[in-house]
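Understanding the architecture of this molecule
So you can see what is in the structure, the chains are spelled out below.
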Amino acid sequence: MNATTEPFIPSADLARPSVADAVVGHQATPLFIRKPNPDDGWGVYELVKSCPPLDVNSAYAYLLLATQFRDTCAVATNEEGEIVGFVSGYVKSNAPDTYFLWQVAVGEKARGTGLARRLVEAVMTRPELAEVHHLETTITPDNQASWGLFRRLADRWQAPLNSREYFSTDQLGGEHDPENLVRIGPFQTADI
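Every value quoted in this text rests on a predicted model; they were computed, and no experiment measured them.

Quick look at the pattern of salt bridges now. Between side chains of opposite charge, a pair can form when the charged atoms approach closely. Enumeration over the complete set of coordinates arrives at 9 salt bridges. For Asp 71, the salt bridge identified is with Lys 35, shortest N-O distance 2.8 Å. With Asp 71 in the loop between helix H3 (59-68) and strand E3 (74-77) and Lys 35 in the loop between strand E2 (29-34) and helix H2 (41-49), this pair connects stretches of sequence that are 36 residues apart. For Asp 71, a relative accessible area of 33% puts it in the partly exposed group.

We now examine unusual backbone geometry. Between Pro 52 and Pro 53 the backbone carries a cis peptide bond, its omega angle lying at 15°. You can see Pro 53 is positioned in the loop between H2 and H3. In this model, Gly 185 is joined to Pro 186 through a cis peptide bond whose omega is 10°. Inspection of the secondary structure assignment puts Pro 186 in the segment after strand E8 (179-184). Of note, the phi angle at Gln 158 is positive, near 50°, even though the residue is not glycine. As for its placement among the helices and strands, Gln 158 is situated in the loop between helix H5 (144-157) and strand E7 (161-167).

Moving on to the packing of aromatic side chains. Per the counting criterion, the structure on display carries 6 aromatic pairs. Residues Tyr 45 and Tyr 62 carry aromatic rings whose centres are separated by 6.4 Å and whose planes lie at 50° to one another, so their mutual orientation is tilted. Here Tyr 45 is found in helix H2, whereas its partner Tyr 62 is found in helix H3, with 17 residues between them in sequence. Residue classification places Tyr 45 among the buried residues on the basis of a relative accessible area of 17%. Measuring from ring centre to ring centre gives 4.4 Å for Tyr 166 and Phe 167, while their planes differ by 55°; the resulting arrangement is tilted.

Conventions we followed
Residues numbered from 1 in each chain as written. Predicted model: local features only at pLDDT ≥ 70, side-chain atom pairs only at ≥ 80, totals over all residues. Heavy atoms only, no water. Salt bridge = Lys/Arg side-chain N within 4 Å of Asp/Glu carboxyl O. Helix = DSSP H or I, 4+ residues; strand = E, 2+ residues; numbered from the N terminus. Buried < 20%, exposed > 50% of the residue type's maximum accessible area, 1.4 Å probe, protein only. Phe/Tyr/Trp six-rings, centres within 6.5 Å; stacked < 30°, edge-to-face > 60°.

As structure tokens, this is what we get:
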């Protein structure tokens, strides 16, 4: 069995414009958006832990997202290579025109920069998502920051936003607020 390997690039080296998908932020404090790699799993885990009320998954889950789902996830780093933003999701196998956004996190150092929107749009404009025309996610009723983000995305993309209860508190073990399914679309990724 012949295995092909991609060259290893340290995380700090990935925080360069020549490797990043996008450079955002101010000139004095740029942020670099790129696909995650195996070195990013722990940094993503630590970022999500610092962003309540997000549900924290295992470090292993974030490592899987950074490797197995890297084409549909993104990290944002500062010039030192520190992960300050993350978005995860996947194209639904039973609805290949729909991207399900699982989680978006922006660390304290990058808040107020519009990074959450830019992370989502960086993923949505990748060639791997060219046939995607809907975005879905789940949001608890009281998460105003997430509701605001997805309303702004729908407005920017000139697409309808619909929601309904998806998972009840009982389905979530009685210890979690209900989750609403939020759907934006249809839209054209080429117009994002």
